[in-house]
Amino acid sequence: MSYKNFPMVSNVMFGRGSFNQLEDILAPKRINTKAPFIFLVDDVFRSNVWITSRIPLAYDDRIIFVSAKEEPKTEQVDALVEEIILMTKERPSGIIGIGGGTIMDIAKAISIMLTNKGDAKDYQGWDLVKNEAVFHVGIPTISGTGAEVSRTAVLTGPDKKLGINSDFTPFDQVILDSELTKDVPKDQWFYTGMDCYIHCIESLKGTYINTFSETFGEMALKLCKEVFLEGELSSEEAQEKLMMASWHGGMSIVYSQVGVAHALSYGLSYLLGTKHGIGNCIVFDQLEEFYPEGVRMFKAMKEKHNIKLPQGICADLSDRDFDIMIKISLSLDPLWENALGPDWKKIMTPEKIKSLYQKM
Ligand code: NAD
Ligand code: ZN
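Residues numbered from 1 in each chain as written. Chains lettered and ligands numbered in written order. Predicted model: local features only at pLDDT ≥ 70, side-chain atom pairs only at ≥ 80, totals over all residues. Heavy atoms only, no water.

1. Observations concerning the overall build of the protein chain
Stage number 1. Scanning the protein chain from terminus to terminus reveals 14 helices and 9 strands.
Stage number 2. Relative to its length of 360 residues, the protein chain is compact, with a C-alpha radius of gyration of 20 Å against a globular reference of 21 Å.
Stage number 3. The buried share of the protein chain, reckoned over its 360 residues, is 57%.
Stage number 4. Restricting the contact set of the protein chain to residue pairs at least 6 apart, pairs at least 24 apart contribute 77%.
Stage number 5. Surface summary for the protein chain: the accessible area is close to 15,800 Å², and the carbon and sulfur share equals 50%. (Helix = DSSP H or I, 4+ residues; strand = E, 2+ residues; numbered from the N terminus. Rg over C-alpha atoms; globule rule 2.2 N^0.38 Å. Buried < 20%, exposed > 50% of the residue type's maximum accessible area, 1.4 Å probe, protein only. Contact = heavy atoms within 4.5 Å. Areas by Shrake-Rupley, 256 points an atom, 1.4 Å probe, with all protein chains shown as cover.)

This is how it looks when you write it as structure tokens:
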């Protein structure tokens, strides 16, 4: 048996208002006055002075507002890298992502592409990155994906949706300030929060489960239940607990894998552009056969928060469309193997996948 040796986020700061200490964190990391910090900020905060006025700009530092309307693309990363190279005199001292999973993955990918030749698409896969990334910081403003702690930067490329999984991907620094999540719209709070819940179920019910993943997964699941089912928390407590659930849920999949919901949701995202959180919810709602207890609890949470998921998103698709989604989904071998074991191909045939998509 050869065990994997995973890197982790090396520094983390936690606490409401900790965002105010960003300047102290960055100052010692400035290489020189010509090597700026680049802040990639979700453009939902463009006119949010409460956030932007606290971004500590000095010398040639820049804010680039990035839209999170669509999931991150490899070409988008390449274009941003080009823009940063053109606007800076020297390689940046650091890249700081302020936003949800979308912005955090873009920040991770850019920090890698600033020190590695070629296009972002060349690095989609496992351990293809050769050079250490630029110093990069993740500051989540919505909780659930675990992107703040994971070893991947998920991107949609010309022919696949797949992460840049590497030892250089994890953030060097994360700031967990739950106050930044206070204005997340309710539906989005639910969808991204359920991404965390689904990570837990897929990890805990998977065949790759081990004590490392189980302990993180159980903690995250307990926190999700407190936040989404039990409902006796103040909003501050709920924001803090969901932020830590996201962290633990992310840690749980470091040493295991996600499963059926993610494998099917990647197909929806690739063909229809369905975003990760809502896509996972639409899929998970139909997976009682694979995760009976998990889906029952999910339905109870949905009911409690009065969430109405879109119906019939696959109703008008052609056979060719289904084939594209099936191909994307079936290419995710580790997810299927984790979910269904080594003989997964006998269970998850193209016909079976199609019948699941047809319910959505
Ligand atoms: P997101 O980053 O796309 O954000 C969702 C929406 O919430 C956006 O409209 C955004 O503008 C808005 N938003 C974010 N913070 C807000 C705030 N504080 N107030 C108001 N609005 C706010 O959503 P997400 O669910 O966090 O991330 C999804 C992405 O994460 C997908 O691209 C997915 O592939 C990726 N992902 C990555 C990992 C990983 O390990 N790297 C894991 C899971 C998902
Ligand atoms: Zn996910």
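There's more to say after this.
2. Structural notes on the nonpolar core
Stage number 1. In terms of nonpolar packing, the biggest core is built from 56 residues, with Y197, L264, F284 and L287 touching the most fellow members.
Stage number 2. Not counting residues up to four positions away in its chain, the partners in contact with F284 are Y197, I198, I201, A261, Y291, G294, V295 and F298.
Stage number 3. Membership of the second largest hydrophobic core comes to 35 residues, among which are I103, I106, A133 and M251. (Core = buried A, V, L, I, M, F, W, Y, C linked by side-chain atoms within 4.5 Å.)

3. Considerations on the UniProt feature "domain: Alcohol dehydrogenase iron-type/glycerol dehydrogenase GldA" (unreviewed entry) in the protein chain
Stage number 1. The UniProt record annotates "domain: Alcohol dehydrogenase iron-type/glycerol dehydrogenase GldA" (unreviewed entry) at residues 11–177.
Stage number 2. This span, residues 11–177, is 22% helix and 25% strand, and a straight line between its end C-alpha atoms measures 14 Å. (UniProt positions renumbered as here; feature names shortened; annotations may be inferred.)

4. Side note on the coordination of the zinc ion (ligand 2)
Stage number 1. Those protein atoms acting as donors to the zinc ion (ligand 2) are D195 (OD), H199 (NE2), H262 (NE2) and H276 (NE2), and they sit at 2.1 to 2.2 Å.
Stage number 2. Given 4 donor atoms and angles of 88 to 171 degrees at the metal, the environment of the zinc ion (ligand 2) is assigned as irregular.
Stage number 3. Counting gaps between the donor residues of the zinc ion (ligand 2) yields the pattern D-x3-H-x62-H-x13-H. Of the two residues, H199 is situated in helix 5 (residues 186–204) and H262 in helix 8 (residues 260–272); the sequence distance between them amounts to 63 residues.
Stage number 4. You can call H262 buried: its relative accessible area is 3%. (Donors = N, O, S within 2.8 Å, 3.2 Å for Na, K, Ca; no water. Tetrahedral: all angles 85-135°; square planar, octahedral: opposite > 155°, others 65-115°.)

5. Notes on the packing of aromatic side chains
Stage number 1. According to the stated counting rule, one finds 11 aromatic pairs in the structure shown.
Stage number 2. The interplanar angle of 85 degrees and the centroid separation of 5.2 Å between the aromatic rings of F6 and Y255 together place this pair among those described as edge-to-face. Of this pair, F6 sits in the segment before strand 1 (11–14) while Y255 sits in the loop between helix 7 (235–254) and helix 8; the two residues are 249 residues apart in sequence, bridging distant segments of the chain.
Stage number 3. Owing to a relative accessible area of 22%, F6 belongs among the partly exposed residues under this scheme.
Stage number 4. With a centroid separation of 6.2 Å and an interplanar angle of 90 degrees, the aromatic rings of Y197 and F284 are classed as edge-to-face. Of the two residues, Y197 is situated in helix 5 and F284 in helix 9 (residues 276–284); the sequence distance between them amounts to 87 residues.
Stage number 5. On the basis of relative accessibility, which here comes to 0%, the residue Y197 falls in the buried class.
Stage number 6. An aromatic cluster of at least three residues, connected via ring pairs, comprises W189, F190, Y191, Y197, F228, F284, Y291 and F298.
Stage number 7. Geometry around W50 places R54 over its ring, the cationic atom sitting 4.6 Å from the centre.
Stage number 8. Stacked on the ring of W50, the Lys or Arg K182 has its end atom at 4.2 Å from the ring centre. (Phe/Tyr/Trp six-rings, centres within 6.5 Å; stacked < 30°, edge-to-face > 60°. Lys NZ or Arg CZ within 6 Å of the ring centre and 35° of its normal.)

6. As for helix 10 (residues 292–304)
Working note: α-helix, 3.6 residues per turn, so residues spaced by three or four point in the same direction.
Stage number 1. When the terminal C-alpha atoms of helix 10 are compared, their 19 Å separation across 13 residues agrees well with the 18 Å that a helix rising 1.5 Å per residue should span.
Stage number 2. For helix 10, every residue scored as buried is listed here: G294, V295, F298, M301 and K302. Down the axis of helix 10, the sector holding all buried residues measures 120 degrees, keeping them to one side. Counted as exposed and oriented over 90 degrees from the buried face of helix 10: E293, R296 and E303.
Stage number 3. Considering only its buried residues, helix 10 is in contact with helix 5, helix 6 (211–230) and helix 9.
Stage number 4. Two residues or fewer past helix 10, N306 is found with a positive phi of approximately 55 degrees. (Expected span 1.5 Å × (residues − 1). Arc of directions from axis to C-beta.)

7. Some words on the site of ligand 1
Stage number 1. Residues in contact with ligand 1 amount to 28 residues; listed here are only the nearest, D42, T102, S150, T192 and K275.
Stage number 2. For ligand 1, an oxygen atom lies 2.8 Å from a polar atom in the side chain of D42.
Stage number 3. The side chain of S150 places a nitrogen or oxygen atom 2.6 Å from an oxygen atom of ligand 1.
Stage number 4. If you list the elements that add at least two residues to the shell around ligand 1, you get helix 4 (101–113), strand 7 (152–156) and helix 5.
Stage number 5. Top element by residues in the shell around ligand 1 is helix 4. It accounts for 4 residues.
Stage number 6. Per-class residue counts for the shell around ligand 1 are 10 nonpolar, 10 polar and 8 charged.
Stage number 7. Of the domains in this structure, domain 1 (11–180) and domain 2 (186–358) are the two that each give at least three residues to the shell around ligand 1. (Near = heavy atom within 4 Å. Polar contact = N/O pair within 3.5 Å; in protein donor to acceptor, adjacent residues only side chain to side chain. Nonpolar A, V, L, I, M, F, W, Y, C, P; charged D, E, K, R; others polar. Domains from an automatic or database assignment.)

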